[in-house]
Amino acid sequence: MNIVWWHWLTLGLILIGLELIIPSFTIIWFGLGAVIVSIVLASLPSCPLSVQILIWTVASALLTFAWFRFFNTRLDRTKAGSSKGAVIGETGLVIRGAQQYDKGTVKFHLPLLGADEWPCVADDPLAVGDRVRVVDVEGHVMKVEKIAKGDK
């Protein structure tokens with residue numbers, strides 16, 4: 001089987017075109033890897049098929065890794081607690097007390113992020129019946145602070 005440079009170029013363009021149909025932003029890197037092999041094969045026509053496949057595999061893997069590691073540095077990635085802006089400042093009632101930095105449970109009037117009861121931690125001990133305000137979300141735990149009587 002004699003594979004020439006334009007075979008790799010065609011494969012590369014097909015894979016890059018597939019990215020338009022299947023938008024995963026990973027197929028394009030395999031297409032660019034094939035284009036790199038076509039350039040190498042155009043300059044070194046006697047390159048064996050096993051080396052061509054090795055170059056394609058390494059180039060595709062490096063391009064994919066480089067994209068996700070260095071170039072795709074979006075700051076809006078979803079992380080646990082990313083909806084904290086919607087819950088910070090909400091008030092609730094402690095229904096299971098806890099010592100300092102221990103987990104208790106807080107109940108809210110309306111469900112927050114799909115639930116009306118959440119595990120919580122605080123810098124101060126919490127007693128059943130304390131009113132608290134959400135100050136942060138740490139994973140699946142609400143960090144709360146006690147509300148002094150008379151505060152809203």
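Residues numbered from 1 in each chain as written. Predicted model: local features only at pLDDT ≥ 70, side-chain atom pairs only at ≥ 80, totals over all residues. Heavy atoms only, no water.

Draft legend 1. Structural detail: the sheet that holds strand 2 (residues 104–112). Strand order in the closed barrel formed by five strands is 1-2-3-5-4, and the pairing between neighbours is mixed. Between one strand axis and the next, the sheet turns through 55° on average, direction left out of account. As judged from the four bridges shared by strand 1 (residues 91–96) and strand 2, these two strands associate in the antiparallel manner. From the neighbouring strand, L93 faces strand 2, where its bridge partner is K107. (Pairing = 2+ DSSP bridges. Helix = DSSP H or I, 4+ residues; strand = E, 2+ residues; numbered from the N terminus. Axes fitted to C-alpha atoms, helices over the stretch in contact; angles between N-to-C directions.)

Draft legend 2. Structural detail: the packing of helix 1 (residues 5–21) against helix 2 (residues 27–43). Where helix 1 meets helix 2, the closest approach of the two axes is 7 Å, and the angle between their N-to-C directions is 165°. One finds that helix 1 runs roughly antiparallel with respect to helix 2. Classified by chirality, the crossing of helix 2 by helix 1 is left-handed. Across the interface between the two elements, W5, W8, L9, L11, G12, L15, I16, L18 and E19 from helix 1 touch I27, I28, F30, G31, L32, A34, V35, V37, S38, L41 and A42 from helix 2. (Parallel < 35°, antiparallel > 145°, perpendicular 65-115°, else oblique. Left-handed = near helix turned anticlockwise from the far one by under 90°. Contact = heavy atoms within 4.5 Å.)

Draft legend 3. Representation of helix 1 within the structure. In this model, helix 1 (17 residues) spans 25 Å end to end at C-alpha, consistent with the 24 Å of a helix rising 1.5 Å per residue. Residues of helix 1 that are buried include every one of W8, G12, L15 and E19, and no others. Burial along helix 1 is one-sided: seen end-on, the buried residues are contained in an arc of 65°. Every exposed residue of helix 1 that faces more than 90 degrees away from the buried side is listed here: L13, L20 and I21. Structurally, helix 1 contributes buried residues whose contacts are with helix 2 and helix 3 (49–71). (Expected span 1.5 Å × (residues − 1). Buried < 20%, exposed > 50% of the residue type's maximum accessible area, 1.4 Å probe, protein only. Arc of directions from axis to C-beta.)

Draft legend 4. Structural detail: the environment of H140. Mapping H140 onto the fold places it in the loop between strand 4 (131–138) and strand 5 (141–146). When the C-alpha positions of H140 and W118 are compared, they lie 8.0 Å apart, and in sequence the two are 22 residues distant. Setting aside residues up to four positions removed in sequence, H140 forms contacts with K103, W118 and P119.

Draft legend 5. Structural context of the pairing of strand 3 (residues 115–122). Here strand 2 pairs with strand 3 via five bridges, running antiparallel. Each bridged residue has a counterpart across the sheet, and for G104 the counterpart in strand 3 is C120. Once strand 2 ends, the chain turns through two residues before running back antiparallel as strand 3, passing L113 with a positive phi of about 55°. Pairing of strand 3 with strand 5, which is carried by three bridges, proceeds in the parallel orientation. Residue pairing for strand 5: C120 is matched across the bridge by M142.

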